[in-house]
Each structure stands twice: as structure tokens, then as C-alpha cells.
Amino acid sequence: MNKRFAVAQKIRFAHCDPAGVLYFPHAFDFVNTAVEDWFEAGLGMPFDAFHMEHGLGNPVVTTQCEFVRPCHFGEELTLELAPTRIGHSSIELRIVARVGDEERMRLNHRTAMISMDSFRPIEIPAALRARAETYLVPRDAAAGPAMPMWTVATPPNAFRSRQLVRYSQCDPGRIVYFARYFGMFDAALEDWFAEGLDCPWGGDLVGRRNLRTPSLAIGCEFRRACRLGERLDLDLWLTRLGRSSMRLALSGKVGAEERLRVAWTLCMVSRETWRSVPIPDDLRARMEPFVAPAKEK
């Protein structure tokens, strides 16, 4: 029987949004903490030594996350992690987050092993591979959604939000720390509501209308790193507009070079009941010009 690795983390005040719910970009801080703890306690390789002394990196290549139920301030979130595939230079992980016995998040998470000198993939060191294999579980047991990515170019009706890569968003590898991207995505969403839909969150959506747009699932492909001082253009459009849910596509570019892709499903809920509600007719009418159904792979 293979080993089991789990780590418990309490949801603190600083992790939560104005509704007292775990702010979804912070969920990926919890995920990264679980990976770092696995490296140290499970693989015998403290992440700081792995990175700073051995000159190795473990950037995220793809992540697929399904948000099953919200997490709240004061709850203890236990993340269980297991590799489902160990390749030449990459590791695919299954991560399930629970409060008690109740699942709250499911992820499929793939990282790469790279040299920090060349920033190119390298073979996973033999000793590290051998330790990781003691946690290996069958791939068909992996939890998490299969969020398909789109295969078409950014449509002309996409909304653009420009994000400056700031010092506070970068990690010791001098690139954007992957969890900070999700704050950028959320900023682009907020910009779209304010500038594209004329429905700013503060005064209208979460104010007068008393609505929220929680995330149901998100899938990301990180194609190339972003660095301090670069300007990341996030193009956003709708690939599906349902009764109370919407599927967004985002393409992140620096100049003409695409750095990342995102498929993101959200829904509209009432703050009073936390149940889904129809997207208001006036908002739907403003959203429809941003719809561009995409062929998915």
C-alpha cells in the first residue's frame, strides 16, 4: 500500500473575501503550500534547498480545479496529495481538499522539473523519483475536472485588461508566482464588469444588486513565464452564456506572444440565499456582444 500525504491548514481572516468565503486565488496558495510540504516531509527535500541550493525549479504547467463547495473563515482545510504520473521531467498530482469528510475542491495539477540556470526541463533526480513513487496512485483514480481548452485565436470582440507584473507578484525564481495569476484573472473579470458591462462590483453587482459570481471550475495552461515589469494583456470573452452560469476564456499575452490560456466557469448567485439565480436581463444583454463560441480540444 502506498503512502498517503495530507496537510491541514486553517482558513484565516486574510484568506477570505468580503463575504467571509475563501477568496479563490488564495486556494492556490494552499495548494502550493501542500506541494512544498510534500517535498519537505514526504520527499526529504526542503523546497528552499531544492530551489536555492540545488538550483532547481518546479513551475506549474497546468492546473485544473473544481470548486465543489465554498470554504469559510475559521474552517480547517485538509489537502490530500498524491502523484498519478511521474514522467521524465514532470509530475502529475491529484489534490483533494476537504473540511472534515466533505470535499470542497478537486484538482489535477502538473508541474515540471527545470534547471534554474537554463530554465529548461531536466530529468527528475533519481532519488527524488524513487521517493515520489512511494506515493503513486493510479491515474484513473485521479479527482478533478477535465476543463477543455479552446483552440481558436482571440476573437475581435474580446475585452482586454492590461496587468503590470509587479514585484509583489514574483517568486524567488524571479517569475510570476503561479497563484498570483489568479488575482490577475479576477482583476480582469472585475475590469470587464466595470468597463465592458457598465456594472462595477462595488456600487452595482455586489452593492445594489446584492449578487456574487463564485467560481465553479477553472483550468489553466501556463505556456511561458511572465517576469517583473512586463505588461500582461489578458483578453477575455465568453464561450458559453447559460441561464445562471457563464464560461469564460482568457488569453494572456506579452506583446504578440501568448503566455497562458484559461477556461473559467462561474455562476451568478444571490448573496441572501447563496443559491444560483438567472443572470439579470440587462446584464445578459450587455454580455452577449462578448460571446464567441470556441472549438475546444
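Quick note: structure is the one above.
Before going into details, it helps to say that this report is about the structure given with it. Each chain has its residues counted from 1, following the order in which its sequence is written. Two thresholds apply to this predicted model, a pLDDT of at least 70 for residue-level local features and 80 or more for giving and counting side-chain atom pairs, whereas whole-chain, interface and lining totals are computed over all residues. Water and hydrogen atoms play no part in the side-chain values, which are based on all heavy atoms of the structure.

### Re helix α5 (residues 201–208)
- Turning to α5, its buried residues are W201, D204 and L205. What you see down the axis of α5 is that its buried residues fit within an arc of 115°, all on one side. Exposed residues pointing more than 90 degrees away from the buried face of α5 are listed as G202, G203 and R208. Only protein chains enter the calculation, and the probe is 1.4 Å; a residue is then buried if its accessible area is under 20% of its type maximum, exposed if over 50%, and partly exposed in between. Counting from the N terminus, the helices are the DSSP runs of H or I reaching at least four residues and the strands are the DSSP runs of E reaching at least two. The arc under discussion is defined with respect to the helix axis, by the directions toward the C-beta atoms.

### Concerning the sheet that holds strand β6 (residues 102–112)
- One open sheet accounts for 10 strands, arranged β1-β4-β5-β6-β3-β10-β13-β12-β11-β8; its pairing is antiparallel. Each edge of the open sheet is held by one strand with a lone partner, namely β1 (5–10) and β8 (159–164). Strand-to-strand twist of the sheet, defined as the mean angle between neighbouring strand axes without regard to direction, takes the value 20°.
- The sheet contact formed by strand β12 (residues 245–254) and strand β13 (residues 257–267) spans 10 bridges and is antiparallel. By the bridge assignment for β13, M246 is matched with L266.
- Contacts are assigned to residue pairs with any non-hydrogen atoms lying within 4.5 Å of each other. Between the N-to-C directions of two axes lies an angle of 0 to 180 degrees, each axis being a line fitted to C-alpha atoms and, for a helix, fitted only over the stretch in contact. Here helix α4 (residues 178–196) sits on the sheet in contact with β3 (60–67), β6, β8, β10 (215–222), β11 (231–241), β12 and β13, set at roughly 135° to β8. Following DSSP output, two strands are said to pair if at least two bridges run between them.

### Thoughts on the pattern of salt bridges
- Salt bridges are identified by distance alone: a Lys or Arg side-chain nitrogen within 4 Å of an Asp or Glu carboxyl oxygen. By the definition in use, this model includes 25 salt bridges.
- A salt bridge links R223 to E221, with the nearest nitrogen and oxygen atoms 3.3 Å apart.
- For R223, a relative accessible area of 42% corresponds to the partly exposed category.
- Where E258 meets R261, a salt bridge forms, and the shortest distance between an N and an O atom there is 3.0 Å.
- Overall, R261 belongs to the buried group, its relative accessible area being 11%.
- Bridged by salt links that share partners, the residues R4, E66, E80, R94, R98, E103 and R106 form one connected network.

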